[in-house]
Amino acid sequence: MDDVYLSGIGGYVPADRTTVTEAVADGRYEQAWNAKDRLETVAVETRLSPAEMAVRAGRQALLRSGHRPQDISLLLHVTAYRQGPEAWAAASYVERYAVGVGAPALEIRQGCNGGLFALGLARSHLGQYADTAVLITCADRFDGAFDRWRTNKGMVFGDGAAAVVMSRRRGTARVLGVATRADSELEQMHRGTGSLASATLRRGPLDAGPAKKAFLRTTSSAEVQRRFEAQVVDAVDGALSEAGTKLDGIAQVLVSNLGHELLTRAFLEPLELPVERTAWQWGRHIGHLANSDQFLALEHQVRTGVLHEGDLVLLIGMGVGFVWTAAVLEIAELPVRTH
């Protein structure tokens, strides 16, 4: 496949932070979880909706890419949680206000793996529409029924957005390899054993704990861990193979901003990686922004000089369902800031 680049990267992370210490003190967050997660602060948005954050990130990515709005032939808006009114097309809103040319706008909802899966879709789209560009936006705001502190043990959710423009135009990073793997037998971990029909009428706060406990009564935690490890290793091997490199040749591995214990189980131990090869020290100050983590980490590591031209970087995502995507990129050029 001809070269495809991340031609521009944008982001929006609110300045407001809630400290983990505050959340423990007022009872929102368990001290026992805090000891395992080792997080510091979480980004919290109180004004903008997810779609509005996505528009800001998308405009920035488009500006940095050097592309014109009319170059965009497809917009992929990636979400993990509620975007606004029910039965509303958030992706079309983002296209209208970030691009404004009427390109097809689709929403991808694949847990926290959708951003990297969209990268693969965009790459394939550009194989057919070579003279165009694709805008990917990722955005979520975890409030309302979603308790950012307790909904999912091992992660604390932050608010924010990221965006990338992908095209054949040389830019920040060249895509060398992408691979996705899935194990749909694990979908029940977030479904539980109750009626699906009645679940559509459920009200009240989300809590992933009961469904996981029900699932683990039929499948051992050791078996779940074995399957998780097999899939992430296989996805990484697939991306590395296409890129023609080995894990030892990767300068940085950028994954989801998880708590330290879950990060270790999900990524570090299966791949035999030290935490120092990731951006976790940065990520523990904003929380898990669902699909935005890897793109924001890439922009941060380039901007702060951790990554240099010619470096290879591995991005890995994991989403409920379960689906894993790995992508190998080569830093092609350091972005020129326009503001």
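As the structure is a prediction and not an experimental result, all values here were calculated from the model.

## A short note on unusual backbone geometry
The amide bond that connects glycine 321 to the next residue, phenylalanine 322, takes the cis arrangement and shows omega of 0°. For phenylalanine 322, the location among the structural elements is in the loop between strand S10 (312-319) and strand S11 (323-331). With a phi angle near 60°, alanine 87 is a residue other than glycine that sits in the positive phi range. By secondary structure assignment, the location of alanine 87 is in the loop between strand S4 (72-79) and helix H4 (90-98). In this structure, glutamate 272 is a non-glycine residue whose phi angle is positive, near 55°.

## So, helix H11 (residues 293-303)
The buried fraction of H11 amounts to ten of the eleven residues, a majority that puts the element mostly inside the structure. For H11, the set of buried residues is Asp293, Gln294, Phe295, Leu296, Ala297, Leu298, Glu299, His300, Gln301 and Val302. Directly beyond the C-terminal end of H11, a positive phi value near 85° is found at glycine 305.

## Structural notes on the packing of helix H8 (residues 221-243) against helix H9 (residues 260-271)
Axis separation between H8 and H9 bottoms out at 9 Å; the angle between their running directions is 60°. Our classification of the angle between H8 and H9 gives oblique. Considering only the axes of H8 and H9, their crossing is right-handed. Contact residues: Gln225, Glu229, Val232, Val233 and Val236 in H8; Arg265, Ala266, Phe267, Pro270 and Leu271 in H9. The class makeup of the residues in the contact of H8 with H9 is seven nonpolar, one polar and two charged.

## Notes on the nonpolar core
Looking at soluble globular proteins, one finds that nonpolar side chains tend to be buried together. Judged by nonpolar contacts, the single largest core of 49 residues is most densely connected at Phe267, Leu314 and Ile316. Put simply, the parts of the chain that give this core at least two residues each are helix H1 (20-25), strand S8 (173-182), H8, H9, S10 and S11. At seven residues, the largest contribution of residues to this core is made by H8. Non-local contacts of leucine 314, meaning those with residues more than four positions away in its chain, are made with Val236, Leu247, Ile250, Gln252, Val253, Leu254, Ala326, Ala327 and Val328.

## Re the packing of aromatic side chains
One pair of aromatic rings is described through two measures. These are the centre distance and the angle between the planes. Taken as a whole and assessed by the stated rule, the structure comprises eleven aromatic pairs. A ring pair is formed by tyrosine 29 and tryptophan 149, whose centres lie 5.2 Å apart and whose planes are at 40°; its orientation type is tilted. Residue tyrosine 29 is located in the loop between H1 and helix H2 (31-37), and its partner tryptophan 149 is located in the loop between strand S6 (133-140) and strand S7 (160-167); the two are separated by 120 residues in the primary sequence. The exposure classification of tyrosine 29 matches that of tryptophan 149, with both residues buried. Aromatic side chains tyrosine 81 and phenylalanine 142 sit 6.0 Å apart centroid to centroid with 15° between the ring planes, which places their arrangement in the stacked category. Within this pair, whereas tyrosine 81 is found in the loop between S4 and H4, its partner phenylalanine 142 is found in the loop between S6 and S7, the two being separated by 61 residues in sequence. Per residue, the accessibility class of tyrosine 81 equals that of phenylalanine 142, and both read buried. Through a chain of ring-to-ring contacts, the aromatic side chains of Tyr81, Phe142, Phe146 and Phe157 assemble into a single cluster.

## Description of the sheet that holds S11
What the nine strands build is an open sheet, ordered S5-S4-S6-S7-S1-S8-S11-S10-S9; its pairing is mixed. The open sheet has two edge strands with one neighbour each: strand S5 (105-109) and strand S9 (252-254). Ignoring which end each strand starts from, the neighbouring axes of this sheet average 25° apart. For strand S1 (residues 5-12) and S8, the ladder comprises two bridges, and the chain directions are antiparallel.

## Quick look at the side chain of serine 167
With respect to the helices and strands, the residue serine 167 is situated in strand S7. On the basis of relative accessible area, serine 167 is assigned to the buried category, the value being 1%. Only 2.7 Å separates the side chain of serine 167 from the side chain of histidine 67, close enough to count as a polar contact. With residues up to four places along the chain from it excluded, the contact list for serine 167 reads Val4, Tyr5, Ser7, His67, Leu126, Thr132 and Ala133.

Calculation rules
- Every residue gets a number counted from 1 within its own chain, in the order that chain's sequence is written.
- Local features in this predicted model are restricted to residues whose pLDDT is 70 or higher, and side-chain atom pairs enter the listing and the counts only when it is 80 or higher, whereas totals over whole chains, interfaces and linings include all residues.
- Hydrogens are left out, water is left out, and the side-chain values use all remaining heavy atoms of the structure.
- Put simply, DSSP H or I for four residues or longer makes a helix, DSSP E for two residues or longer makes a strand, and each gets a number counted from the N terminus.
- We call a residue buried when its accessible area falls under 20% of the maximum for its residue type, exposed when it is over 50%, and partly exposed in between, using a 1.4 Å probe and counting protein chains only.
- Here an axis means a line fitted to C-alpha atoms, over the contact stretch when the element is a helix, while the angle between two N-to-C directions is reported on a 0 to 180 degree scale.
- For classification purposes, an angle smaller than 35 degrees is called roughly parallel, one larger than 145 roughly antiparallel, one from 65 to 115 roughly perpendicular, and anything else oblique.
- Helix crossings are classified by the rotation of the near helix relative to the far one: an anticlockwise turn of less than a right angle makes the crossing left-handed, while a clockwise turn makes it right-handed.
- Any two residues whose heavy atoms approach within 4.5 Å at even a single point are treated as in contact.
- Ten residue types, Ala, Val, Leu, Ile, Met, Phe, Trp, Tyr, Cys and Pro, are classed as nonpolar, four, Asp, Glu, Lys and Arg, as charged, and the remainder, Gly among them, as polar.
- Working definition of a nonpolar core: buried Ala, Val, Leu, Ile, Met, Phe, Trp, Tyr and Cys residues. They are joined through side-chain atoms within 4.5 Å.
- The rule is short: rings of Phe, Tyr and Trp, with Trp giving its six-membered ring, pair when the centres are within 6.5 Å, and they are stacked under 30 degrees, edge-to-face over 60, tilted in between.
- Only strands that DSSP links by at least two bridges are regarded as paired with each other.
- In the analysis that follows, any N or O atom pair within 3.5 Å is treated as a polar contact, provided that within protein one partner can donate a hydrogen and the other can accept it, and provided that, for residues neighboring in sequence, both atoms belong to side chains.

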